[in-house]
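Analysis of the macromolecular model
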Amino acid sequence: MSLLSIKGLSVTFDTLQGPFKAIEGIDLEVRERDTLAIVGESGCGKSVLGHATMRLLDDIATVKGSVRYRDREVYAMAREELLAMRGKAISLVPQSPSTSFNPVIKIGKQITELIEKAGIARGKDAERRAIEYLGRVGFKDPQTIFDTYPHRMSGGMCERALIAMSTSTEPDLIIADEPTKGLDALSRKNILDMLHKMTAGSTLIMITHDFNAAATCDKIAVMYSGEIVETGPTRVVLEHPAHCYTRGLIEAQPSRGMKPIPGRHTIGSHKSDGCRFRPRCGSATDECGRHPPLREIEDYRLVRCHHA
Ligand SMILES: Nc1ncnc2c1ncn2[C@@H]1O[C@H](COP(=O)(O)OP(=O)(O)OP(=O)(O)O)[C@@H](O)[C@H]1O
Ligand SMILES: [Mg+2]
């Protein structure tokens, strides 16, 4: 059974320029202990998908479709059930660590509060647990970090502390949004190793631009312009990408010569009903004027392309 089952999920923001569709028709099945990377260009809707999964967009967006967590409809949960789910069952490691902590509250107090809110421990026990988790993510002197204000820490240290906070409630599912963004190569590797160590036995969704980070996950979903265009086992998708966009993204990686994908990533406004990647695709034909469905091309592999 799926731990998380997303069906036909769409998110529309009401903007001054009119309705803006950030994601559309997202279908995703995540099983227990899966590690899934979500990749795609900036603005394609990765963070919106992460937030919508936890129903964190509620009043600023119109959300349609279904998100089921352990067979419970997230968008039908009462407030208490929803709060209990967040943090305790599903935890989000947000995209920008330096703004995710409150700058005027010491790290330790912020982690302790989350542990208390999740009902895991109280008072001194909650503090001890916070210090224990700061130690687990590799801080040599966790007590000092516990007493430190976030603005005194580097980006890498903040990311580490955020991972300590997000895992301190032992959630079943962790959504880490760009955990390696802005870090140097060595810090990226350290954060990835540590994230996998801290989430071993749980389910991990890692949102990332970095294909080296994505390669550490068993499965991958590629997003383009608010839609999923390809999913499958990471190794197979990276070695034999079936969608032209996935091929383009791989070739745009620094390790593959940084060959840019021609054209511009258009988001939110789709004047035609065809394939959204069509204007940038070297293999487009008349058939691509028809919007392609996400279809199975092999076991566990889905692709949104008429030609795959
Ligand atoms: N509150 C909002 N109101 C209006 N538009 C929004 C809002 N939040 C996000 N968007 C838009 O939705 C689209 C998807 O945003 P999202 O943050 O999910 O992108 P992303 O794939 O995470 O990009 P990045 O890789 O840069 O983090 C973007 O065009 C963004 O501007
Ligand atoms: Mg994002």
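The structure under discussion appears in the preceding block.
Residues numbered from 1 in each chain as written. Chains lettered and ligands numbered in written order. Predicted model: local features only at pLDDT ≥ 70, side-chain atom pairs only at ≥ 80, totals over all residues.

Focus on the environment of H196
Along the chain, the position of H196 falls in helix α8 (residues 185-198). For H196, a count of 14 C-beta atoms within 10 Å translates into the label partly exposed. (Helix = DSSP H or I, 4+ residues; strand = E, 2+ residues; numbered from the N terminus. Buried ≥ 20, exposed ≤ 12 C-beta atoms within 10 Å, placed from the backbone.)

Structural notes on the sheet that holds strand β4 (residues 61-69)
Hydrogen bonds between backbone groups are what pair the strands of a sheet, and the pairing can be parallel or antiparallel. With antiparallel pairing, four strands are arranged side by side in an open sheet as β2-β1-β4-β5. The sheet is open, and its two edges are formed by β2 (18-31) and β5 (72-73), each paired on a single side. Helix α1 (residues 46-53) contacts β1 (2-15), β2 and β4 of the sheet and is inclined by roughly 115 degrees relative to β1. (Pairing = 2+ DSSP bridges. Contact = placed C-beta atoms within 7 Å. Axes fitted to C-alpha atoms, helices over the stretch in contact; angles between N-to-C directions.)

Some points on the packing of helix α7 (residues 155-167) against α8
Put simply, α7 and α8 touch, their axes get as near as 11 Å, and they point 5 degrees apart. In this view, α7 runs roughly parallel relative to α8, as classed from their interaxial angle. On α8, the residues that touch G156, E159, R160, I163 and T167 of α7 are S187, I191, M194, L195 and M198. Broken down by class, the residue content of the contact of α7 with α8 amounts to five nonpolar, three polar and two charged. (Parallel < 35°, antiparallel > 145°, perpendicular 65-115°, else oblique. Nonpolar A, V, L, I, M, F, W, Y, C, P; charged D, E, K, R; others polar.)

A look at the sheet that holds strand β11 (residues 295-298)
Taken together, eight strands build an open sheet; the order of strands is β6-β7-β8-β3-β9-β10-β12-β11 and the sheet is mixed. What marks the edges here is a single partner per strand, and that holds for β6 (90-93) and β11. The mean inter-strand angle of the sheet, taken between neighbouring strand axes irrespective of direction, is 20 degrees. Here β6 pairs with strand β7 (residues 173-177) via four bridges, running parallel. Looking across to β7, one finds that S91 is bridged to I174. Across the sheet, helix α11 (residues 244-251) is in contact with β3 (35-39), β9 (219-224) and β10 (227-233); its angle to β9 comes to roughly 100 degrees.

Considering the site of ligand 1
The environment of ligand 1 is made up of 16 residues, and the closest members are F13, A22, S42, S47 and V48. Considering only residue class, the shell around ligand 1 consists of seven nonpolar, eight polar and one charged. (Near = placed C-beta within 6 Å.)

A closer look at the nonpolar core
Judged by nonpolar contacts, the single largest core of 81 residues is most densely connected at A37, I38, L134, A161 and V222. Considering every element that reaches this core, the biggest residue donor is α7, with seven residues. If sequence neighbours within four positions are ignored, V222 has contacts with V39, G40, V229, E230, H243, Y245, T246 and L249. (Core = buried A, V, L, I, M, F, W, Y, C linked by C-beta atoms within 7 Å.)

What to know about α8
Here α8 contains 14 residues, and its C-alpha end-to-end distance of 20 Å stays within 8% of the 20 Å for a straight helix at 1.5 Å per residue. Among the residues of α8, I191, L192, L195 and M198 are the ones counted as buried. Along the axis of α8, the buried positions cluster into a sector of 135 degrees, meaning they face one direction only. The exposed set on the far side of α8, more than 90 degrees from its buried face, consists of A185, L186 and D193. Residues of α8 that are buried sit in contact with α5 (123-136), α7, β7 and α9 (211-214). (Expected span 1.5 Å × (residues − 1). Arc of directions from axis to C-beta.)

Brief notes about helix α4 (residues 107-117)
Within the sequence span of α4, burial applies to I107, G108, I111, T112 and I115. Each buried residue of α4 sits inside an arc of 125 degrees when the element is viewed along its axis, so together they form one side. Next to the buried residues of α4 lie α5, α6 (142-146) and α7. Positive phi shows up at G119, right after α4, with a value of about 75 degrees.

Structural notes on the environment of T112
One can find T112 in helix α4. Placed 61 residues apart in sequence, T112 and L173 show a C-alpha to C-alpha distance of 20 Å. For T112, the residues in contact, after removing those within four places along its chain, are A126, E127 and A130.

A short note on the pairing of β4
The pairing of β1 with β4 spans eight bridges and is classified as antiparallel. Looking at β4, one finds that K7 is bridged to S66. Where β4 lies against β5, two bridges are found, and the strand directions are antiparallel. Opposite Y69, over in β5, you have R72 as the bridge partner. Linkage of β4 to β5, two consecutive antiparallel strands, is achieved through a turn of two residues, within which R70 is found at a positive phi near 45 degrees.

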